[in-house]
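Structural overview
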Amino acid sequence: MAMNTRLEEMKMRTRTGVHKDARQSNIIDIEAECIREELSMMQCVSRLTRRMCESERVIIQEDENIVFTRTHKHVPISFMTRQSGQQHSERIFHELGPISNICADWGMVLSQGLLQRKTMAEETLSHLENDPDAVEFLSAAIETIDAVLNLVKRYSVKAKQLGRNDIVTMLNHVPENPPRTFHEALQFIRFVHAIVWLSGHYHVGLGRFDQYMWPYLKDDLLEGRIDMKNAEDLLAEFFISLNKDSDLYPGVQQGDNGQTLMIGGITKEGLDGVNELTYMVLRVARDVAMIDPKINLRISKDTDLELLALAAELTRLGLGFPQYSNDDVVIPALNAHGYKLEDARNYTVAACWEFIIPGKGMEVVNIGAVSLPAAVDEGIRKVLSNNGTFEDIISCTADNIQLQVNNLVEHYRKLYLPPAPFYSVLMNGCLETGRDLSKGLDYNNFGIHGACTSNAVDVLAAVKRYVFDEKSVKPDSLIYALDNNFEHMEELRQRLSGNEFKVGNNNDYVDDFLISLLDIFADACEAVEDNGRGGCIRPGTGSAMYYVWLSKGQENMHEPVVGATADGRKAGDYFSANLAPSQGIKVKGPISVLQSFSKIHYSRIYNGGPITIELSDSVFRTEEDIMKVAMLIRTFARLGCQQLQLNTLNVEALKDARKHPEEYSNLIVRVWGWSGYFCELDEEYQDQIIARHIHLV
Amino acid sequence: MNNGIVFDIQEFSVHDGPGIRTTVFLKGCPSRCKWCHNPEGLRGEPEEITGPAGKRIAGKEYTAEELAAILNQQAEILTMNKGGVTFSGGEPLFQALFVSEVIDRLQGLHVLLDTHGYAEQKEFSLLAEKSDLIYFDLKLIASEAHQRWTGVDNKPILQNLKILSTQNKPPYVIRIPLVPGVTDTMQNMHDIADIIQKLKRGPERIELLPYNTAAGSKYSSCGLVFKPDFIESKDINIKLSIFNDCGIPVLVK
């Protein structure tokens, strides 16, 4: 176990939030200052970083070996909207405004240190002194570097007062200079990463952690400066520290903060990148058992079962990670769409699942969703009321998908990306060329998710089968049923919603629609030649909150809301999330689910969006069980699937399953020497299983 | 040509044998064990069951071709993961000819037969020959007690076990449900150990399956009443040492 008393106490303190007592609720009036001094947007943004750093309180807890605790509750970013409103009246923001959901080149920053980054900025400045934009940007970047270093200096002074000479030594060296040890590297990242958040950016991921950190750990181990136990101890503290401020991070729900961390996979050169740190990250994440960082694991058809078994142990905790992505599928797809091979091999994930390149991407991977249920719904309504053919439905659906894609892209042509001088320090080429990252990096694509795929596919399969093949449902009675939410037509609804002809059963009749619908979506994205920033549109299969929003509606949502659907789903019922069978559909099982979703042409659907499978934690109790889960994960890779989220149902979820059995029809729990469907057990026994699960925790 | 009735096909059934397996639950069982946890597997015909999630029909008719085709769809995956197909129930021997025809059509899949051995010798041998591994349930050795708690005579069961032990394959595992006050008595355990010791070819291992009070959880769904006639909550007597003389590994599952 990586945890000891010190770490357990630290974790407990973080959970109870003792450190929040030191938080400041005052909001810095950056706006007044910017107006008074007539600062440009670039200057406003660097001023924000500076003021935030200057006014941070210095907090060092007695037992900490890695320091920094954020005390500012709020980052005043509203000035961006107002300032930009004056300067760019036609432009729109993405989400909250500040640059988000990209990944820094942490390895580069570590290897150079902030001082060398500053020297680079100064050098470029001396070449480009006649370029006012470059001068402004580089000066702003330097201002932010100085601000960070000054904050670090204040931490160092405080550490000295507290007699923590170990911390003083460390802070006198990093993040100004490249780290000399694994410990210094962790401290370096802690500061710089936290200040990216503090600058108003969000969904700040940690990229390929085991790749850029391993050289420091390896050297320490070789030189005998550290042993594995102490390294785990430091890593555990680092992971706990990532949970300190996460309640302040913006997200749809608490915990939805996009603090991802990628491990595993091949190197830029195409070699196996798995190292001892890969394993250590999984062990420590398992033992720390907190929601951050969110571990992602890159695998391939040849990944060791031992590594997958360790990952399965982490899955077992029910935290919803690691999430798995398949190098065999992701890398060729990125490479086929304009990503250099060495960059494609270096992919990580954005906040949720989108594949991005650290240090080289200024991509907006989630400009919105295409509602696939809305597209097929429009198709069948238009065509069935005019006695059209099934082919007409497909072509009408395709038109609607193209329209939805075009609308999103047109809207985002007005996208305004505010400058990000500090984030630019951490990227490739910005300081070298004097260009802020908001002006674009190597990759400038947009991503659109095709949301709620399974319901849309099930609708097509049901209409084809019952209206066209069997002719057992009349077109007008189907439309009438949809318009009236199946009121008094329960028999029809049940026929349409039958489990058999649904995606997730490895049934080609249905799965052919899965392939063709997503191909149509890919066609629509490929038809957009330029997204307005010199990039393309990447189609994906994530749903995020759309499985709720597209059904219930949401303020300011561009995507259309859909009522009852021809797969027997009633108005207001949730759609399917990501790549999972439709809600309430009992499919054959996880193998068939993988087989169904393996058929998608992932070479064209490459923005990401995981197959989502739920398992009860009772199916991995023994080492042998864990190994079987590892085999299931390897099967995912061997079948050529792209991304997998394996959820373990824990006590809370089991309780929820009792309240909403219709949403958990596939949930299997182990009862005795056997497994059963949780929702088919009597309540008292469900209680008992829940009680037993509590016992396990 | 025999059609079969199946009440469930469960994928990734991690507790039904080695590797990744798909388990076919065959409907219909000659026995009526008081502790049976799969009441929907008892009757031979399809029936409607009502759970909290709504009504559904338990039991679907398949031809051997249909069922084999479903299983073969996953053959590569199951084999790649050192698994295969498990036939369970109900009691697979209850539909022995059907199961045999299904096995004949499988594409090299590892077959595990999960049985309590109550069938005519001919039927038992038919499936035993075609299986790669057998999970053989032993419950009670005293014949009156067996009759009382399971509703059937145990002579054919013991006879089939003896026959299995005289063949040189397939390997088998003896599984003993530990039902408090019924099968877990010292007497019964000693009787079982005696029988195992006398077998010509012993099992790979012995598995003890402690009774879990959730056994009755599906009865009301099937319109049945669970009447265990024993004290469910009683402590279970687990004495591994009884099997010491058998020289066979014993596991508690």
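Residues numbered from 1 in each chain as written. Chains lettered and ligands numbered in written order. Predicted model: local features only at pLDDT ≥ 70, side-chain atom pairs only at ≥ 80, totals over all residues. Heavy atoms only, no water.

**Focus: the overall build of chain A**
To be explicit about the condition: Helix numbering and strand numbering both begin at the N terminus, where a helix is a DSSP run of H or I of at least 4 residues and a strand a DSSP run of E of at least 2. Here the radius of gyration uses the C-alpha set of atoms, whereas the globule reference equals 2.2 Å times the residue count to the power 0.38. For every residue, the accessible area (1.4 Å probe, protein chains only) is compared with the maximum for its type, and the residue is labelled buried under 20%, exposed over 50%, or partly exposed between those bounds. The accessible surface values rely on the Shrake-Rupley method and a 1.4 Å probe; as for residues, cover is taken only from the protein chains in view. Two residue types count as positive, namely Lys and Arg, and two as negative, namely Asp and Glu; His and chain ends fall outside the count. Charged groups are reduced to one reference atom each: NZ for lysine, CZ for arginine, CG for aspartic acid, CD for glutamic acid.
From N to C terminus, chain A includes 27 helices and twelve strands. Radius of gyration (C-alpha) of chain A: 26 Å, near the 26 Å computed for a compact globule of 697 residues. Its C-alpha atoms give chain A principal-axis dimensions of about 80 × 60 × 45 Å. The proportion of buried residues among the 697 residues of chain A is 64%. Accessible surface computed for chain A: about 25,200 Å², of which carbon and sulfur atoms make up 48%. Distance from the positive charge centre (70 side chains) to the negative charge centre (97 side chains) of chain A: 3 Å.

**Here's the deal with the interface of chain A and chain B**
It is common to give the size of an interface as the accessible area lost on bringing the parts into contact. Selection rule: Only heavy atoms matter for contacts: two residues are in contact if any of them lie within 4.5 Å across the pair. What makes a salt bridge here is a side-chain nitrogen of Lys or Arg within 4 Å of a carboxyl oxygen of Asp or Glu, nothing more. What qualifies as a polar contact is a pair of N or O atoms within 3.5 Å, subject to a donor-acceptor requirement within protein and to the restriction that residues adjacent in sequence count only when both atoms come from side chains.
Counting from both sides, the interface comprises 39 residues of chain A and, opposite them, 41 residues of chain B. Across the chain A-chain B interface, the total number found is zero salt bridges. On inspection of chain A and its partner chain B, the count reaches twelve residue pairs in polar contact (both at pLDDT 80 or more). Sorting the residues of the side of chain A that touches chain B by element identifies α24 (590-597), α25 (623-638), β11 (668-670), β12 (675-677) and α27 (683-696) of chain A as the ones contributing at least two each. Of the residues forming the side of chain A that touches chain B, the biggest block, nine residues, is contributed by α25(A).

**Some details on the sheet that holds strand β1 (residues 260-264) of chain A**
All names here are of chain A. Put simply, the rule is: Strand pairing is assigned whenever DSSP detects at least two bridges linking the two strands. To get an axis, fit a line to the C-alpha atoms, keeping to the stretch in contact for a helix; angles then go from 0 to 180 degrees between the N-to-C directions.
Across the sheet, which stays open at both edges, the five strands sit in the order β1-β2-β3-β10-β9 with mixed pairing between neighbours. Two strands in the sheet have a free side with no partner beyond their single neighbour: β1 and β9 (611-616). With direction set aside, neighbouring strand axes in the sheet form an average angle of 25°. Against the sheet, α24 makes contact with β9 and β10 (643-649), and its axis sits at roughly 175° relative to β9, the strand it touches most.

**Remarks on the environment of B:Lys169**
All names here are of chain B. Considering the arrangement of structural elements, one finds lysine 169 in the loop between α6 (155-166) and β9 (172-178). Assessed through its relative accessible area of 56%, lysine 169 is described here as exposed. Taking the C-alpha atoms as reference points, lysine 169 and arginine 201, separated by 32 residues in sequence, lie 9.1 Å from one another.

**Topic: the packing of aromatic side chains**
Residues and elements named next belong to chain A. In plain terms, the rule: Aromatic pairs are defined between Phe, Tyr and Trp rings, using the six-membered ring for Trp, whenever the two ring centres lie within 6.5 Å; interplanar angles under 30 degrees are classed as stacked, those over 60 as edge-to-face, and all others as tilted. Any Lys NZ or Arg CZ that is within 6 Å of a ring centre and within 35 degrees of that ring's normal is treated as a charge sitting over the ring.
A full pass over the atoms with the stated rule returns 23 aromatic pairs over all chains. Site record: aromatic cluster; members linked through ring pairs are Phe390, Phe468, Phe501, Tyr509 and Phe513. The ring of tyrosine 347 is capped by arginine 298, whose NZ or CZ atom sits 4.0 Å from the centre of that ring. Over the face of the ring belonging to phenylalanine 575 we find arginine 569, whose NZ or CZ atom lies 3.7 Å from the ring centre.

**Quick word on helix α13 (residues 327-336) of chain A**
All names here are of chain A. Where α13 is concerned, the buried positions are Asp327, Val329, Val330, Ile331, Ala333 and Leu334. Structurally, the start of α13 carries an N-cap: the backbone nitrogen of aspartate 328 is 3.0 Å from a side-chain oxygen of asparagine 326. Residue glycine 338 follows α13 closely and has a positive phi angle near 95°.

**A short note on the pairing of β10(A)**
Strand residues, when the strand is regular, have side chains that alternate between the two faces of the sheet. Residue and element names in this part refer to chain A. Heads up, the condition is: When the strands point away from the viewer and the path from the first strand over the helix to the second turns clockwise, the crossover is right-handed.
Most of β10 sits inside the fold, with seven of its seven residues counted as buried. Side-chain alternation along β10 places Gln643, Gln645, Asn647 and Leu649 on one buried face and Leu644, Leu646 and Thr648 on a second face that is also buried. Two strands pair when backbone bridges link them, and strand β3 (residues 323-326) and β10 are joined in this way by three bridges, in the antiparallel orientation. Bridging across to β10, tyrosine 324 finds its partner in leucine 644. Chirality of the crossover, the property in question, places the unit of β9, α25 and β10 among those that are right-handed.

**Things to note about the pairing of strand β7 (residues 110-115) of chain B**
Residue and element names in this part refer to chain B. Of all six residues that make up β7, five are buried, and the element is covered over most of its length. Summarising the sheet, strand β6 (residues 84-89) and β7 pair through four bridges and their orientation is parallel. Among the inter-strand pairings, phenylalanine 87 is bridged to a residue of β7, identified as leucine 113. For the segment spanning β6, helix α3 (residues 96-104) and β7, crossover handedness is right-handed. Two elements, β7 and strand β8 (residues 133-137), share four bridges in a ladder whose sense is parallel. Within β8, the residue paired with leucine 113 across the bridge is isoleucine 134. At this point the chain moves from β7, through helix α4 (residues 121-130), to the parallel β8, and the crossover so formed is right-handed.

**Remarks on a nonpolar patch on the surface**
Here is the rule: The patch calculation keeps residues exceeding 30% relative accessible area without a salt bridge and links them within 9 Å when they carry like charges or within 5 Å when they are nonpolar (Val, Leu, Ile, Met, Phe, Trp, Tyr).
Taken together, the side chains of B:Ile238, B:Leu240 and B:Val252 define a hydrophobic patch exposed on the protein surface, amounting to about 220 Å² of accessible area. Considering the arrangement of structural elements, one finds B:Ile238 in the loop between β10 (205-210) and β11 (250-252).

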